[in-house]
Amino acid sequence: MIDRQEHDRMANAIRFLSMDAVEKANSGHPGLPMGCADIATVLFTRYLDYDPTRPHWPDRDRFVLSAGHGSMLLYSLLYLTGYEDMTLEEIGNFRQLGSRTAGHPEYGFASGIETTTGPLGQGLANAVGMALAERLMNASFGDDLVDHRTYVLAGDGCLMEGISQEAIALAGHLRLNRLIVFWDNNGISIDGAVSLSDSTDQQKRFQASGWNTIGIDGHDPEAIASAIEAAHRSDRPTLIAARTTIGFGAPTKAGTKAVHGSPLGKDEIAGARQKLGWQWPPFEIPADILAAWRQAGARGAEARTAWEARLAAADDPQRAEFTRRVEGSLPAGLAPAMEAYKAKLAADKPKVATRKSSEMALEVINGACPETLGGSADLTPSNNTRTSQTEPLKPGDYSGRYVHYGIREHGMAAALNGIALHGGLIPYGGTFFCFTDYARPAMRLASLMGIRSIFVMTHDSIGLGEDGPTHQPVEHLAAMRAMPNHFVLRPADSIETAECWQTALGSSRTPSTLVLTRQNLRAVRTSHTAENLAAKGAYELAPATGGAALVSIFASGSEVEIALDARDMLQAEGTPTRVVSVPCFELFEEQDKSYREEVLGQAGVRVAVEAGIRLGWDRFVGSDGAFVGMTGFGASAPAEDVYRHFGITAAAVANAARDRVRNGVPKGEDARALPDSEPARPHP
């Protein structure tokens, strides 16, 4: 056991690396690392199971710094404990271009960073997903291979964000007792005292959500240790409310907002050195203190090698399956199963909503992939996300493969990220597409991290009908397509839906959103092809006949059948017309130039049709091309009536093309910018 004097010196190493790095960068948050150094020292030297030489050891404990603004705490720990890629040079380059030490921890920048944090509360919700994934993997592979904990350090801001309630309520309900959250209860936010804006009794709040809670002095090593040990014995998740002093050791700024988000200043740092007895210059750690930290980092090697021995001793099928799943590769049986399924669809030609098509595809996928984990934010019958293989989880029973997330879209999306980050599982979760507005911050972080989170978004347009404009997405396709590194997949029928699912499952570094209809759609792919055409992003679905194409019509999802009907009208008049299905803008941009040019074609008239706003479609039709779609919000009525009211019909598409073929249209004019064809949203 480390004595108090050595503990203090080791904790001070964190404090001074943090304050000196922030000072050099002239940017950052020194207060949290200084205030939480005692917590981190106890956790990393005595309890956390990790091995810096094998940072991706599957059965390591996870540590999530949810209060990501205190990133220098984590960077200091990674350097001190001996992670190879976190050097003293990187510490000195804090917040500089190209460094591993970004302003907030970024997943993939350095080993030991388990998730990207900074938007407050996200890390806490990610950790719920990680803790859930640990229990699910344990249920599949047993204690010998999966038996670890998830620790979180969260601040006042994390607990104020609404996502925190979604996350802790789910964790408490599921009794995720291997989740331990330290609350840095320092009473200070950027504006000043937390009491300016909040008077919540956080311990009672967590207790009401089914948590065990413990209040401690966050600067007392033995109190911290006792709380961790009590948490280990709990049958519920645990909140350790650690009362701390933000900026501990700063002679005049400790305990004030001045130390929260600004460098301390040279005089204050000099005073801290004197107050804490730290005589060494910036970025210099005494050899004995560094050695003590490195010894703490080496502590986990024994547990890791013992785990490796257990894995080696497992029977061949279990070892192979565990290894495959943590590596993220798909099972060999999936591709042939999907190939056979696509052939069946081509023969059957089902007319169903793509949300139903998704359920049908998932029936095949979930049968072939034991690692898929489904769920919905209280919309299971509407999202069609549950299949025959996915029994629901229950509190304390993690043998199922389906999570009832409750009406917690944001918490669900962040938990999906945590599950994906943990490894061994492929999570998907559903809600209405309009409610990406609730889930978007977590979806954005999935894109930023480059992880395989899959979001199933149904009721994708005005086609949902009677629920009306509060639920009808209009701008959402454009908004989601604007997000970098995110596949927005809007299939037109059952075959495209199956292909979109194949694409999402195979995209280990890009999250995917499947955008699915409520209304039934006829089959538009009527012959079988082994190639995944949807994975190209766009492809010619119906060629022009009777000569070179004069018109190209581009569409996605439910509007593809409208485009095909418009083509029939134009072809019947002797106007050669082709249709291009565009299930995914982002995948189309990944194709080579010659393919993109081939798909765009040479037709002089281009028309796009989609039950959303125009933004983004000029990539296909140009600024002078025609667009048939929405310019405002929708209306409450049966889907067919709403489509007719807003002029999203085959006749409107054919008219837009016909006008341009015959007369041309002034550059930039919208095909339907006419009083009779652009009705206002009806009011009583």
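Residues numbered from 1 in each chain as written. Predicted model: local features only at pLDDT ≥ 70, side-chain atom pairs only at ≥ 80, totals over all residues. Heavy atoms only, no water.

Engineer: What's the story with the overall build of the protein chain in this structure? I'm lost.
Structural biologist: Per the secondary structure count, the protein chain includes 26 helices and 20 strands. In terms of overall dimensions, the protein chain is globule-like: its C-alpha atoms have a radius of gyration of 28 Å, near the 26 Å expected for 684 residues. For the protein chain, the C-alpha atoms occupy an extent of roughly 90 × 60 × 50 Å along the three principal directions. Put simply, 78% of the contacts in the protein chain that link residues at least 6 apart link residues at least 24 apart. Carbon and sulfur atoms make up 50% of the accessible area of the protein chain, which amounts to about 25000 Å² in all. (Helix = DSSP H or I, 4+ residues; strand = E, 2+ residues; numbered from the N terminus. Rg over C-alpha atoms; globule rule 2.2 N^0.38 Å. Contact = heavy atoms within 4.5 Å. Areas by Shrake-Rupley, 256 points an atom, 1.4 Å probe, with all protein chains shown as cover.)

Engineer: Could you clarify how one ought to interpret the sheet that holds strand 20 (residues 626-628) in this entry?
Structural biologist: The strands that make up a sheet pair up through hydrogen bonds in the backbone, lying either parallel or antiparallel. The strand order across the open sheet formed by five strands is 16-18-17-19-20, and the pairing between neighbours is mixed. Each edge of the open sheet carries a strand with a single partner, namely strand 16 (539-542) and strand 20. Between one strand axis and the next, the sheet turns by 30° as a mean value, whatever way the strands run. As judged from the five bridges shared by strand 17 (residues 551-555) and strand 18 (residues 577-581), these two strands associate in the parallel manner. Directly across from V551, in strand 18, lies its bridge partner T577. Along the sheet, helix 23 (residues 593-600) makes contact with strand 16, strand 17, strand 18 and strand 19 (605-609), crossing strand 18 at roughly 130°. (Pairing = 2+ DSSP bridges. Axes fitted to C-alpha atoms, helices over the stretch in contact; angles between N-to-C directions.)

Engineer: For this particular structure, what's the right way to read unusual backbone geometry?
Structural biologist: Glycine aside, a negative phi is what most residues show, and trans is what most peptide bonds show. A positive phi angle, near 50°, is found at K349, a position not held by glycine. Along the chain, the position of K349 falls in the loop between helix 14 (334-348) and strand 8 (352-353). One non-glycine residue with positive phi stands out, namely N485, at about 55°.

Engineer: Whenever I open this one, the sheet that holds strand 2 (residues 150-155) confuses me. Can you help?
Structural biologist: Spatial strand order, 1-2-3-7-6: five strands in an open sheet with parallel pairing. Looking at which strands have only one partner, the edges of the open sheet turn out to be strand 1 (62-65) and strand 6 (212-217). The mean inter-strand angle of the sheet, taken between neighbouring strand axes irrespective of direction, is 20°. Note that strand 1 and strand 2 share four bridges and pair parallel. Residue pairing across strands places V64 opposite V152, the latter belonging to strand 2. Of the strands in this sheet, strand 2, strand 3 (179-185), strand 6 and strand 7 (238-243) are in contact with helix 9 (residues 221-233), which crosses strand 6 at around 170°.

Engineer: Just to check I follow, could you spell out the environment of G255 for this structure?
Structural biologist: Within the secondary structure, G255 is located in the loop between strand 7 and helix 10 (266-276). Relative accessible area serves as the criterion here: at 36%, G255 is assigned to the partly exposed category. Along the chain, G255 and E586 lie 331 residues apart, while their C-alpha atoms are 48 Å from each other. Apart from residues lying up to four places away in sequence, G255 is in contact with I188, T245 and I246. (Buried < 20%, exposed > 50% of the residue type's maximum accessible area, 1.4 Å probe, protein only.)

Engineer: Just to check I follow, could you spell out the state of the cysteines for this structure?
Structural biologist: Here, disulfide denotes a covalent bond that connects the sulfur atoms of two cysteines. For the coordinates displayed, the defined rule picks out zero disulfides. You can see C500 has no disulfide; the closest cysteine sulfur is in C584, sitting 7.4 Å from it. By relative accessible area, C500 is classed as buried at 1%. (Disulfide = S-S within 2.5 Å.)

Engineer: What is the right way to read the pattern of salt bridges from this model?
Structural biologist: Proximity of charged atoms lets side chains of opposite charge pair with each other. Applying the stated rule across the entire model yields 37 salt bridges. The salt bridge involving E134 is made with R135; its shortest N-O contact spans 2.6 Å. Exposure class is identical for E134 and R135. Each is buried. Taking the shortest distance from any N to any O, the salt bridge between R490 and E559 comes out at 2.7 Å. Of the two residues, R490 is situated in the loop between strand 13 (487-489) and helix 20 (494-506) and E559 in the loop between strand 17 and helix 21 (560-572); the sequence distance between them amounts to 69 residues. Each member of the pair R490 and E559 is classed as buried. Taken together, the shared-partner salt bridges connect D460, R481, R490, E559 and E610 into one network. (Salt bridge = Lys/Arg side-chain N within 4 Å of Asp/Glu carboxyl O.)

Engineer: Could you clarify how one ought to interpret the pairing of strand 12 (residues 454-458) in this entry?
Structural biologist: Two faces belong to every sheet, and in a regular strand the side chains alternate between them. When you tally the buried positions in strand 12, you get five out of five residues, the bulk of the element. Burial along strand 12 is two-sided: I454, V456 and T458 facing one way and F455 and M457 facing the other are all buried. As defined by bridge partners, strand 11 (residues 426-432) adjoins strand 12 across five bridges and the pair is classed as parallel. Residue pairing in the sheet places Y428 in a bridge with I454 of strand 12. Between the parallel pair strand 11 and strand 12, the chain is carried across by helix 18 (residues 436-449), and the sense of this crossover is right-handed. Where strand 12 lies against strand 14 (residues 512-515), four bridges are found, and the strand directions are parallel. (Right-handed = clockwise from strand over helix to strand, strands pointing away.)

Engineer: I keep staring at helix 23 and nothing clicks. Help me out?
Structural biologist: Turn by turn, an α-helix covers 3.6 residues, leaving residues three or four places apart pointing in a common direction. Three or more residues of helix 23 are buried, namely Y595, R596, V599 and L600. End-on view of helix 23: buried residues confined to an arc of 130°, all on one side of the axis. Residues K593 and E598 are exposed on helix 23 and point more than 90 degrees away from its buried face. For helix 23, the elements touching its buried residues are strand 16, strand 17, strand 18, helix 22 (585-589), strand 19 and helix 24 (618-621). Phi turns positive, to about 75°, at G601, one or two residues after helix 23. (Arc of directions from axis to C-beta.)

Engineer: Help me out: how do you make sense of the environment of L521 in this one?
Structural biologist: One can find L521 in strand 15 (residues 520-521). If we ignore the near neighbours within four places in the chain, the residues touching L521 are P350, K351, V352, A353, T354, A492, G557, S558 and E561.

Engineer: Looking at this model, I keep getting lost on the packing of aromatic side chains. Mind explaining?
Structural biologist: Any two aromatic rings considered together are summarised by their centre-to-centre distance and by the angle between their planes. Evaluation of the coordinates by the stated rule reveals 17 aromatic pairs. On the numbers, 5.5 Å between centres and 80° between planes, the contact of Y428 with W501 is edge-to-face. One end of the pair, Y428, is in strand 11; the other, W501, is in helix 20, with 73 residues separating them in the sequence. With 4.9 Å between their ring centres and 85° between their planes, F585 and W617 make a pair best called edge-to-face. Taken together, the residues F585 in helix 22 and W617 in the loop between strand 19 and helix 24 connect sequence positions 32 residues apart. On the basis of relative accessibility, which here comes to 10%, the residue F585 falls in the buried class. Through successive ring pairs, a cluster of aromatic residues spans F554, F585, F588, W617 and F620. One Lys or Arg, R294, reaches over the ring of Y79 and ends 5.2 Å from the middle of that ring. Lying over the aromatic face of F585, R481 brings its terminal NZ or CZ to 3.9 Å of the ring centre. (Phe/Tyr/Trp six-rings, centres within 6.5 Å; stacked < 30°, edge-to-face > 60°. Lys NZ or Arg CZ within 6 Å of the ring centre and 35° of its normal.)

Engineer: Quick question: what am I supposed to make of the packing of helix 2 (residues 31-47) against helix 3 (residues 71-81) here?
Structural biologist: To characterise two packed helices, one gives the angle between the axes of the helices and the distance between these axes. The interhelical angle for the contact between helix 2 and helix 3, taken along N-to-C directions, is 40°, at an axis separation of 10 Å. As the angle between them shows, helix 2 and helix 3 are arranged oblique. For the crossing formed where helix 2 meets helix 3, the hand is right-handed. Residue-level contacts link L32, P33, C36, A37, A40 and F44 of helix 2 to M72, L73, L77 and T81 of helix 3. (Parallel < 35°, antiparallel > 145°, perpendicular 65-115°, else oblique. Left-handed = near helix turned anticlockwise from the far one by under 90°.)

Engineer: Help me understand the side chain of S357 in this model?
Structural biologist: Relative to the elements of secondary structure, S357 occurs in helix 15 (residues 354-368). The buried category is assigned to S357, whose relative accessible area is 1%. In terms of polar contacts, S357 uses its side chain to reach the side chain of S494, at 2.6 Å. Dropping the residues within four chain positions of it, S357 is found in contact with Y341, V352, D493, S494 and T497. (Polar contact = N/O pair within 3.5 Å; in protein donor to acceptor, adjacent residues only side chain to side chain.)

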